[in-house]
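Chain residues, written in single-letter form:
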Amino acid sequence: MAYNKDEMNAPKWMDGAFFEKVLQKLGNDDSVKVTEFTTAPGSKPGDHFASIIFRAVVIFEGKGKSKDISLIVKTMPELEGIKKDLLEDGRLFETEATMYNIVLPEVHKMLLAVGDDTVLGPRLHYSSKDPVWVMVFEDLSKKDFVTKPTQLNLDEAKMFYAKLGRLHAASMCLAEKLPNIKKMDCNIGTAFRGDITETWIKNIGILSRLCLEWPGYENYFEQIEKYKTQIIQKIREIYTSNKTSLYNVLNHGDSNHRNCMYRIVDGKTQDIMLLDYQLSCWGTPAIDIIYSLYQAVSVETRDNHRDQLIKFYHDEFVNALKKFGYGQKIPSMMDLRVEITKCGHLEAFLATTFLPWFMLTPDELMPQICQSSETDIEIDLSSAEGWEKMADRGFRHPKYVEAIKRYLPTLSRKGLFDV
């Protein structure tokens, strides 16, 4: 089994005393005593970036009984590298703590008040920034949720957009009660700088050079080379909330299929949970719609059902607003279409940077590593070099090559390489 190098060993502070503090708060019981615990890596390589995650099994005594519980612990990396640098100021963890402690409970109250038992994500049991930012969640695997290496098919995409529509609708209704959600701006445009954005630009450079190797695509080389020098600033503008948007919502911000868990029965997904609200931000709904169309939805589903999914999302969004008794003008489908068109450069950016990571499975990105199951293997993705090596493999993979060759002419005709 392959694991992230920085998740092979839990931090020293993650000890019995820490878990006692967590469980005492969870059960409102100061008598809780931890008798035994084990920790293990809580994710697979490439599943996430802006944290390290552990699964802990804790045996404890409380109110005269011996019990056990499985927990998911999310915290900041200790291994030096771009992950640690990115998370050092704690803004991503602060954003996620706000979402789980304040926003999502209010959303769930609103849903229950209108007879909707939809659950958007796991329960947060504990959060603190002492000694470092840490969050402890329920272990959804105990409710039969699992991760999935492939992107969403049509039925799964509808489940996903049904939840996203409810989140967006609830946020518009909560904007007066929770005005600070309009100030949430820790997103791809503001949180990522330096080595990380340089890596994105290098990835675009891999694609531009590959165009020279593909007969009939040589003319895209100059377009993409020019575009890569300016696209980061354009993305920051898209992610900056402003009055030119026809309407704004609280976006999930990182709506990809790996930030979901799935309850699968007899090979068919029955429910989806949305995870990882570190990049939740106030802004145009086009952020989540465009991002998810590339990062969550499979190539086949996006190419064949794009318009259907956008309409499905909008229907769910509007229905939720009506149920909540939203008193202002309800955004139309045309409003949403205008926002998506205005933010079209985000499509070009995602297609030329992140798409290989999300459309390919770990087996396809790291075949030699993932196929070895005899021993646990450390994967070091804390450095820019580690990501660059995998990027080169991803951009050359036949599945990505086939997809991007279809997308390049359309992106160019739409003027999305003109920045």
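- The chain is annotated in an unreviewed UniProt entry as CHK kinase-like domain-containing protein from Culex quinquefasciatus.

### Focus: the sheet that holds strand 9 (residues 260-265)
Thought 1: Strand order in this open sheet of three strands is 7-9-10, and the pairing throughout is antiparallel. Lying at the two open borders of the sheet, with one neighbouring strand each, are strand 7 (145-146) and strand 10 (268-274).
Thought 2: When strand 9 meets strand 10, the two strands line up antiparallel, connected through six bridges. When the sheet's bridge partners are listed, Ile264 is paired in strand 10 with Thr269.
Thought 3: The strands touched by helix 4 (residues 154-174) are strand 9 and strand 10; relative to strand 10, the strand with the most contacts, the crossing angle is about 30°.

### Side note on helix 3 (residues 91-113)
Thought 1: For helix 3, with 23 residues, the first-to-last C-alpha span of 32 Å sits near the 33 Å given by 1.5 Å per residue.
Thought 2: Its maximal kink placed at Met99, helix 3 deviates by approximately 40°.
Thought 3: Once helix 3 ends, the next one or two residues include Gly115, with phi positive near 80°.

### Notes on the nonpolar core
Thought 1: With 114 residues, the main nonpolar core has Tyr161 and Phe349 as its most contacted residues.
Thought 2: Looking at this core, you find at least three residues from each of domain 1 (5-135) and domain 2 (146-366 + 379-414).
Thought 3: In contact with Tyr161, not counting residues within four places along its chain, are Ile289, Ser292, Leu293, Val297, Leu309, Phe312, Tyr313 and Glu316.
Thought 4: Counting residues in each nonpolar core, the second largest holds 19 residues, with Phe19, Ile69, Tyr126 and Val134 among its members.

### What about the sheet that holds strand 6 (residues 134-138)?
Thought 1: Read from one edge of the open sheet, five strands run 2-3-4-6-5, paired in antiparallel fashion. Two strands lie at the open edges of the sheet, namely strand 2 (33-41) and strand 5 (124-128), each paired on one side alone. Neighbour-to-neighbour, the strand axes of the sheet open up by a mean angle of 25°, direction not taken into account.
Thought 2: Of the pairings in the sheet, the one linking strand 3 (residues 52-62) to strand 4 (residues 65-75) comprises 11 bridges and is antiparallel in character. Counted as the bridge partner of Val57 is Ser70 from strand 4.
Thought 3: Against the sheet, helix 1 (residues 16-27) touches strand 2, strand 3, strand 4, strand 5 and strand 6, its axis set at about 110° to strand 2.
Thought 4: The strands that helix 3 touches are strand 4, strand 5 and strand 6; relative to strand 6, the one it contacts most, it runs at about 35°.

### Notes on the packing of helix 10 (residues 299-324) against helix 11 (residues 333-342)
Thought 1: Running from amino to carboxyl end, helix 10 crosses helix 11 at an angle of 125°, the nearest separation of the two axes being 10 Å. One finds that helix 10 runs oblique with respect to helix 11. Here helix 10 and helix 11 pass one another in a crossing that is right-handed. Counted together, Arg306, Asp307, Ile310, Lys311, Tyr313 and His314 of helix 10 and Met333, Leu336, Arg337 and Ile340 of helix 11 form the full contact between these two elements.
Thought 2: Of the residues that constitute the contact of helix 10 with helix 11, the class distribution is five nonpolar, one polar and four charged.

Criteria and thresholds
Residues numbered from 1 in each chain as written. Predicted model: local features only at pLDDT ≥ 70, side-chain atom pairs only at ≥ 80, totals over all residues. Heavy atoms only, no water. Pairing = 2+ DSSP bridges. Helix = DSSP H or I, 4+ residues; strand = E, 2+ residues; numbered from the N terminus. Contact = heavy atoms within 4.5 Å. Axes fitted to C-alpha atoms, helices over the stretch in contact; angles between N-to-C directions. Expected span 1.5 Å × (residues − 1). Bend = angle between axes of the 7 residues up to and from the residue. Core = buried A, V, L, I, M, F, W, Y, C linked by side-chain atoms within 4.5 Å. Buried < 20%, exposed > 50% of the residue type's maximum accessible area, 1.4 Å probe, protein only. Domains from an automatic or database assignment. Parallel < 35°, antiparallel > 145°, perpendicular 65-115°, else oblique. Left-handed = near helix turned anticlockwise from the far one by under 90°. Nonpolar A, V, L, I, M, F, W, Y, C, P; charged D, E, K, R; others polar.

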